[in-house]
Amino acid sequence: MIYTHELNSIARIAIECLQDSGHDKPYVYGKAMQLSEFDKWETIFWATHQLDKENRERFAEKVGVPIESLITTFETIRKIEFKG
């Protein structure tokens, strides 16, 4: 079993959101396995594009920013990196 200390800090928050919303352990474990391969930017992309609306809002609240800010920040950095 994967332990949350094996995840990056953003992935731990995403997993916490899934647990808080009542997903069963096998589902959460599968997502933790997936996120264990991601860096923080990949995790933010995953959280803003793969979580359902309720969990996206929960995620944004836990990290302390509006969901729109997460999406905008990610998109801005992605565009800058592709131009660089």
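Residues numbered from 1 in each chain as written. Predicted model: local features only at pLDDT ≥ 70, side-chain atom pairs only at ≥ 80, totals over all residues. Heavy atoms only, no water.

1. Details of the overall build of the protein
Which entries qualify depends on this criterion: Here a helix means four or more residues in a row that DSSP labels H or I, a strand means two or more in a row labelled E, and each is numbered from the N terminus. Using C-alpha atoms as the atom set, the radius of gyration is obtained and then compared with a globule rule of 2.2 Å times the number of residues to the power 0.38. By definition, residues are in contact when any of their heavy atoms lie within 4.5 Å. All accessible areas in this document rest on Shrake-Rupley with a 1.4 Å probe, and a residue is counted as covered only by the protein chains that are shown. Under the convention used here, Asp and Glu are negative, Lys and Arg are positive, and both His and the chain ends fall outside the count. Note that the charge is assigned to NZ on lysines, CZ on arginines, CG on aspartates and CD on glutamates.
Along the backbone of the protein there are five helices and zero strands. Ordering the α and β elements of the protein from the N terminus gives α-α-α-α-α. Taking 12 Å as the expected radius of gyration for a compact globule of 84 residues, we find that the protein reaches 13 Å, a close match to that expectation. Dimensions of the protein, computed from the C-alpha atoms along their principal axes, are close to 40 × 25 × 15 Å. Across the protein, the fraction of contacts at a sequence separation of at least 24, relative to all contacts at a separation of at least 6, is 59%. Surface exposure of the protein reaches about 5,600 Å², of which carbon and sulfur atoms provide 53%. Of the charged side chains in the protein, 11 are positive and 14 negative; the average position of the first set lies 3 Å away from that of the second.

2. Some points on the nonpolar core
Going by this rule: Think of a nonpolar core as a cluster: buried Ala, Val, Leu, Ile, Met, Phe, Trp, Tyr and Cys residues, connected wherever their side-chain atoms sit within 4.5 Å. A 1.4 Å probe rolled over the protein chains alone gives each residue an accessible area, and that area as a share of the maximum for its type sets the label: buried under 20%, exposed over 50%, partly exposed in between.
Counting residues in each nonpolar core, the largest one holds 19 residues, and the members touching the most others are Leu7, Ile15, Leu18, Leu35, Trp46, Leu51 and Phe59. Sorting the residues of this core by element identifies helix H1 (9–20), helix H2 (25–35), helix H3 (40–50), helix H4 (53–63) and helix H5 (67–83) as the ones contributing at least two each. A total of six residues in this core trace back to one element, the largest contributor, which is H1. Once you skip the residues sitting within four places of it in the chain, Phe59 turns out to touch Ile10, Ile13, Ala14, Cys17, Ala47, Leu51 and Leu70.

3. Looking at the pattern of salt bridges
Any two side chains of opposite charge can pair if their charged atoms end up close together. For clarity, the threshold we go by: Within this document, salt bridges are pairs made up of a side-chain nitrogen of Lys or Arg and a carboxyl oxygen of Asp or Glu, the two lying within 4 Å of each other.
Under the criterion given, the structure shown has four salt bridges. Between Glu16 and Lys62 there is a salt bridge, with its nearest N and O atoms 2.5 Å apart. Pair noted here: Glu16 is in helix H1 and Lys62 is in helix H4, with a separation of 46 residues, a long-range link. Overall, the relative accessible area of 35% leaves Glu16 in the partly exposed class. Between Arg58 and Glu54 there is a salt bridge, and its shortest N-O distance comes to 3.1 Å. Linking Arg58 with Glu54, this pair stays in helix H4, spanning four residues, or about one helical turn. The exposure class assigned to Arg58 is partly exposed, which follows from its relative accessible area of 21%. Residue class for Glu54 comes out partly exposed when judged on its relative accessible area of 47%. One continuous salt-bridge network, built from bridges that share partners, spans Glu16, Asp20 and Lys62.

4. With respect to H3
Using the following cut-off: Side-chain atoms alone can form a polar contact between residues adjacent in sequence; in general such a contact is a pair of N or O atoms within 3.5 Å, and within protein one must be able to donate a hydrogen while the other accepts it.
Within H3, burial applies to Thr43, Ile44, Trp46, Ala47 and Thr48. Where H3 starts, the residue carrying a side-chain oxygen 3.0 Å from the main-chain nitrogen of Trp41 turns out to be Asp39.

It is worth stressing that arrangement in space is one thing and function is another; only the former is reported here.
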